[in-house]
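# Descriptive structure summary
Okay, here's what each chain looks like letter by letter:
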Amino acid sequence: MKNILIFKMWRYTLPALAALATMIAIFFWPALPLRGITNWFVIYANTPYLTFLYPAIAILSGVYMGLYTYNKKVAPCCSIETIKGGAAGSFVGVFLGACPACIPVIAILLPLAFNVFLSRIAPIFSVVSIAILLLVIYKMNGFKRFA
C-alpha cells in the first residue's frame, strides 16, 4: 500500500508541502470573496452538498499538485503531460461547483437566468470535477504501485 504513488509522494517534503498548500488554499478560497471565514463556514454548514463534495475537490486538487510536484522535482522521468486536465478539473469544481461566492461573480458576465441555472446544477459540476481529477491522477500513475 505504501508503494502506491499517491502515498509515496507524502514521504518527500516538496510534494507534501505543495499538496497541503493547495488543499488549504482551495478550501479557504471562498472566505476571500465572502469577506471572512465565519461567513464561509455558515454557508458551508448550510449547504448539504458542500459538506462532502468540496473537501473531496480540495483533497484531490492537493493530491494532484503533490503528484505534479513529485513528477517534476523528485522523479523527473515520469510523464507530466496532464497539467491541463487537472487544472481544468480544479477550476470547474472550485469556481462553478462549490464556491458560493464565485457564481455571483460570474453573474457580472452572464444573464441572471443563466446564473440561477448554474447555481442549481453546481453539485453536478462538483461531481464532474471530482471525476476529472480522479482521471488525471490515474493518468499520472497516482494509483500505480512502484517498487
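The structure we're discussing is the one just above.
Residues numbered from 1 in each chain as written. Predicted model: local features only at pLDDT ≥ 70, side-chain atom pairs only at ≥ 80, totals over all residues. Heavy atoms only, no water.

With that settled, the discussion passes to the overall build of the protein. In terms of regular secondary structure, the protein is built from 8 helices and 0 strands. What you see in the protein, going N to C, is helices and strands ordered as α-α-α-α-α-α-α-α. In the protein, the proportion of contacts linking residues at least 24 apart, taken out of those at least 6 apart, comes to 69%. With the model as given, the accessible surface of the protein reaches about 8300 Å², and the carbon-plus-sulfur share is 73%. (Helix = DSSP H or I, 4+ residues; strand = E, 2+ residues; numbered from the N terminus. Contact = heavy atoms within 4.5 Å. Areas by Shrake-Rupley, 256 points an atom, 1.4 Å probe, with all protein chains shown as cover.)

Take the packing of helix 4 (residues 48-74) against helix 8 (residues 122-139) next. Each pair of packed helices can be summarised by the angle the axes make with each other and by the distance between the axes. Running from amino to carboxyl end, helix 4 crosses helix 8 at an angle of 25 degrees, the nearest separation of the two axes being 10 Å. Accordingly, the angle class assigned to the pair helix 4 and helix 8 is roughly parallel. Crossing hand, helix 4 versus helix 8: left-handed. Residue-level inspection shows Tyr49, Leu53, Ala56, Ile57, Leu60, Ser61, Val63, Tyr64 and Leu67 of helix 4 in contact with helix 8, the latter providing Ala122, Pro123, Ser126, Val127, Ser129, Ile130, Leu133, Leu134, Val136 and Ile137. Of the residues in the contact of helix 4 with helix 8, the class split is 16 nonpolar, 3 polar and no charged. (Axes fitted to C-alpha atoms, helices over the stretch in contact; angles between N-to-C directions. Parallel < 35°, antiparallel > 145°, perpendicular 65-115°, else oblique. Left-handed = near helix turned anticlockwise from the far one by under 90°. Nonpolar A, V, L, I, M, F, W, Y, C, P; charged D, E, K, R; others polar.)

Within the secondary structure, Ile59 is located in helix 4. In the structure, Ile59 is positioned 33 residues away from Ile26 in sequence and 8.9 Å away in space, judged by C-alpha atoms.

A few words now on the packing of helix 7 (residues 112-120) against helix 8. The geometry of helix 7 relative to helix 8 is characterised by a closest axis approach of 4 Å and an angle of 55 degrees between their N-to-C directions. Of the possible angle classes, the one that applies to helix 7 and helix 8 is oblique. Within the contact between the two elements, helix 7 uses Leu118, Ser119 and Arg120 and helix 8 uses Ala122, Pro123 and Phe125. Residues belonging to the contact of helix 7 with helix 8 are distributed by class as follows: 4 nonpolar, 1 polar and 1 charged.

Of note, Thr22 is situated in helix 2 (residues 13-28). When neighbours within four sequence positions are excluded, Thr22 is seen to be in contact with Ser61, Gly62 and Met65.

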